[in-house]
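# Survey of secondary and tertiary structure
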Amino acid sequence: MPRLGVILVALFLLMVFSGVAGRTFIEYEWWKEMGQLDTWFAMATYEYLPRIAAALLLFIGMWAAFELGKREPHSSDGVIDIHRPAFSRIRTGIFAVIALVHGLSLLNPKTIVGYFASSSGEGTWRDPVFGKSLTFYLFELPFFQQMLGALLFIGIVVLVTYLIGSARVDVEAIRRGEFQLSLTQTGKMILTVILLIHAARSFLSRYELLGQQHGFLTGIDYVDETVRLPLIGACVAGIVAGAILFWMNRWVLALGAILLPVIAREVVPPIVASIFGK
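Notes on the structure in this doc start here. Just so it is clear, the structure is predicted and the values come from calculations on it, not from any experiment.

### A closer look at the overall build of the chain
Within the chain, the regular secondary structure consists of nine helices and two strands. Written out in order from the N terminus, the α and β elements of the chain read α-α-β-α-α-α-β-α-α-α-α. Buried residues in the chain amount to 35% of all 278 residues. Here the analysis covers contacts within the chain between residues at least 6 apart in sequence; of these, 75% occur between residues at least 24 apart. As displayed, the chain offers around 17,100 Å² of accessible surface, 68% of which is attributable to carbon and sulfur atoms.

### Side note on the nonpolar core
Counting residues in hydrophobic clusters, the biggest one holds 42 residues, and the most contacted among them are L195 and Y207. Looking at this core, the elements with two or more residues in it are α2 (37-70), α3 (88-103), α5 (134-165), α7 (185-204), α8 (222-247) and α9 (251-276). Broken down by element, this core gets its largest block of residues, twelve residues, from α5. In this structure Y207 touches F130, K132, F136, Y137 and L141, once residues within four positions along its chain are discounted. One finds V223, V227, L231 and A273 within the second-largest nonpolar core, a separate group that totals five residues.

### Some thoughts on the packing of aromatic side chains
Overall, the coordinates contain ten aromatic pairs when judged by the stated rule. Ring geometry for F136 and Y207: centres 5.0 Å apart, planes at 70°, overall edge-to-face. Highlighted residues: F136 in helix α5 and Y207 in the loop between α7 and α8, separated in sequence by 71 residues. Y207 matches F136 in its accessibility class, with the two residues each being buried. For the pair F246 and W251, a centre-to-centre distance of 5.0 Å together with 70° between the ring planes defines the contact as edge-to-face. One residue, K132, lies across the ring of F136, its end atom 5.1 Å from the ring centre.

### Regarding α5
With 32 residues, α5 extends 46 Å between its outermost C-alpha atoms, agreeing within 8% with the 46 Å of an ideal straight helix rising 1.5 Å per residue. In the structure, α5 departs most strongly from a straight axis at E140, where the bend amounts to approximately 40° and where the proline P142 lies between one and four residues downstream.

### Thoughts on a nonpolar patch on the surface
On the surface, a cluster of nonpolar side chains totalling about 870 Å² of accessible area is made up of L255, L259, L260, I263, V267, V268, I271, I275 and F276. Assignment of secondary structure puts I275 in helix α9.

### Some details on α7
The terminal C-alpha atoms of α7 lie 29 Å apart, and with 20 residues this matches the ideal 28 Å at 1.5 Å per residue to within 8%. Where α7 is concerned, the buried positions are G187, K188, I190, L191, T192, I194, L195, I197, A199, S202 and L204. Contacts made by the buried residues of α7 are with α5, α8 and α9.

### Describing unusual backbone geometry
A positive phi angle is found at N249, which is not glycine, with a value near 65°. Position of N249 among the secondary structure elements: in the loop between α8 and α9. With relative accessibility at 43%, the residue N249 sits in the partly exposed group.

### Regarding the environment of G242
Secondary-structure assignment places G242 in helix α8. Separated by 47 residues in the primary sequence, G242 and L195 place their C-alpha atoms 7.9 Å from one another. Dropping the residues within four chain positions of it, G242 is found in contact with L195, A254, A257 and I258.

### Quick notes on the environment of I98
Structurally, the position occupied by I98 is in helix α3. Residue classification places I98 among the partly exposed residues on the basis of a relative accessible area of 28%.

What counts and what doesn't
Residues numbered from 1 in each chain as written. Predicted model: local features only at pLDDT ≥ 70, side-chain atom pairs only at ≥ 80, totals over all residues. Heavy atoms only, no water. Helix = DSSP H or I, 4+ residues; strand = E, 2+ residues; numbered from the N terminus. Buried < 20%, exposed > 50% of the residue type's maximum accessible area, 1.4 Å probe, protein only. Contact = heavy atoms within 4.5 Å. Areas by Shrake-Rupley, 256 points an atom, 1.4 Å probe, with all protein chains shown as cover. Core = buried A, V, L, I, M, F, W, Y, C linked by side-chain atoms within 4.5 Å. Phe/Tyr/Trp six-rings, centres within 6.5 Å; stacked < 30°, edge-to-face > 60°. Lys NZ or Arg CZ within 6 Å of the ring centre and 35° of its normal. Expected span 1.5 Å × (residues − 1). Bend = angle between axes of the 7 residues up to and from the residue. Patch = residues over 30% accessible without salt bridge, like charges linked within 9 Å, V, L, I, M, F, W, Y side chains within 5 Å. Salt bridge = Lys/Arg side-chain N within 4 Å of Asp/Glu carboxyl O.

Take a look at the structure:
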């Protein structure tokens, strides 16, 4: 059975890479005929290197998380052990497939090219709310949002992989209703990093208010500027506080710090808008 799994993974990878290799070869030959190989190499660098780096980071993160999870102490009485050597190759193959399928699709090359190819000069225009340039909104903001989104996805997958690696399924304990899920220091560290990345991503969401549709106008209205914008800041502060509280094992307080500002952000602005109007 393990050998069959390795064969299936190998066939899947061969199928994926054969299509990519064929398309790449055709493009290479076309650009070669045009005498523009330098252009092709530059385009390939921007298109493939970031995606390969994301796939490698995802694979290394999953592999390292699982290995760290294996080192956690567990009772070996009456459990199903998923760390037997027979599953090692299958596990590595599964990690490779997940990394390729998701890692190669996490990043948009056009966003990366736009960020690095954008002019260093920011011009004279600034938005009246945040004071940012047009270059920031067209190139820098999409790049940062994409990178943080990719890191957030990788962090969540790494945390799930760590939990799987550190698990021993005690069938008898589950039948007795004694199954418990707890986070070790390593798990809490991964969760803290995830929350901090989410806080940074939430902070960038404030700039999306400039594209809000209000029927008669597009942009930030009075309620957005005076209510919703401060509540976004409160959400960011709540996520950071929640990360610290999670690290201190204050689970209830951490959940409250994270959820209460989010609830307020969704509930308070419509109430204020209905009372005071636009």
